[in-house]
Amino acid sequence: LPSLSILISGRGSNMIAIAKACQSGELQATVGLVISNRPDARGIEAAREMGIETAIIDHKGFDSRLEFDQALHERLQQARPDWIVLAGFMRILTGQFVDRWQGRMLNIHPSLLPKYPGLDTHARAIAAGDSHAGASVHIVSPELDAGPVISQVKVAIEPEDTAESLAQRVLQEEHALYITALQHCVNMDLDSSTNSMLP
Ligand code: GAR
């Protein structure tokens with residue numbers, strides 16, 4: 001099965017949803033490794049409890065982004081993932097790192113990209129008077145939150161919504177969105193490997 005390495009920084013609810021989908025067979029992949037850049041990320045404990053290999057690479061232990069990214073790269077090289085999955089990973093990655101995993105790294109971002117790259121996406125959507133918020137799964141490119149979008153989910157903004165209530169509703173949709181997008185990516189690989197075996 002194709003192997004995923006998932007990068008997190010916190011709660012890890014997307015990571016848990018993806019890992020569960022792998023365990024149930026809904027997603028034809030395995031989670032080979034979960035990495036957190038924060039030692040206190042709640043998701044790390046959850047991953048361990050699910051029997052998944054974990055690693056902590058604390059960004060505070062490095063003098064520069066380049067050195068942190070190098071350590072991340074070396075750990076990922078050991079895991080040899082087919083896809084790297086950013087799931088609430090809150091570090092900006094250097095262009096060098098992104099280039100090394102070019103086209104093999106996905107991110108989920110809580111907005112309808114290209115709207116609202118960066119932080120505080122839901123507060124910004126509410127402040128702008130948007131009718132909908134949402135989330136996007138995209139291929140990671142060197143510019144922040146700017147790579148090609150694979151799929152999106154739209155969620156209506158209600159008049160009484162706060163950034164928190166909206167974030168919670170969008171998050172529920174993120175889990176299904178990410179699983180579907182990953183299924184698509186994994187199938188794409190299977191199709192291309194089948195094709196290459198044709199006479
Ligand atoms: C998710 O809402 C994800 O879209 C967002 O962080 C949350 C992580 O939740 N990602 C970003 O803002 C990336 N810039 P989780 O840890 O429970 O999956």
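Residues numbered from 1 in each chain as written. Predicted model: local features only at pLDDT ≥ 70, side-chain atom pairs only at ≥ 80, totals over all residues. Heavy atoms only, no water.

To be explicit about the condition: UniProt positions are given in the numbering used here, feature names are shortened, and annotations may be inferred rather than shown by experiment.
Per an unreviewed UniProt entry, the protein goes by Phosphoribosylglycinamide formyltransferase and derives from Granulosicoccus antarcticus IMCC3135. Taken directly from UniProt, the Sequence similarities (unreviewed entry) text for the protein runs: "Belongs to the GART family."

## A few points about helix H2 (residues 42-49)
Inclusion rule: Working definition: with a 1.4 Å probe on protein chains only, accessible area under 20% of the residue-type maximum means buried, over 50% means exposed, and in between means partly exposed. Runs of E in the DSSP output that reach at least two residues are strands. Runs of H or I that reach at least four are helices, and both are numbered from the N terminus. Along the arc lie the directions from the helix axis toward the C-beta atoms. Contact between two residues is taken to exist if any of their heavy atoms lie within 4.5 Å; hydrogens are not considered.
Regarding H2, the residues found buried are Gly43, Ile44, Ala46 and Ala47. Each buried residue of H2 sits inside an arc of 165° when the element is viewed along its axis, so together they form one side. Seen from the open side of H2, the exposed residues pointing more than 90 degrees away from its buried face are Arg42 and Glu49. For H2, the secondary structure elements touched by its buried residues are strand S1 (3-8), helix H1 (13-24), strand S2 (30-36) and strand S3 (54-56). With its phi angle positive at about 80°, Gly51 sits one or two positions after the end of H2.

## Looking at the nonpolar core
This is how the line gets drawn: The nonpolar core is taken to be a set of buried Ala, Val, Leu, Ile, Met, Phe, Trp, Tyr and Cys residues, with the residues joined through side-chain atoms within 4.5 Å.
Leu4, Ile6, Ile18, Leu27, Val34 and Tyr178 are the most contacted members of the largest nonpolar core, which totals 41 residues. Element by element, the count of residues in this core is highest for helix H6 (residues 163-196), at nine residues. Aside from chain neighbours lying at most four places away, what touches Leu4 is Ile18, Cys22, Leu27, Ala29, Thr30, Val31, Gly32, Leu33, Pro81, Trp83, Val85 and Leu182. Of all hydrophobic cores here, the second largest spans 17 residues; its members include Ile35, Ile57, Leu86 and Trp101.

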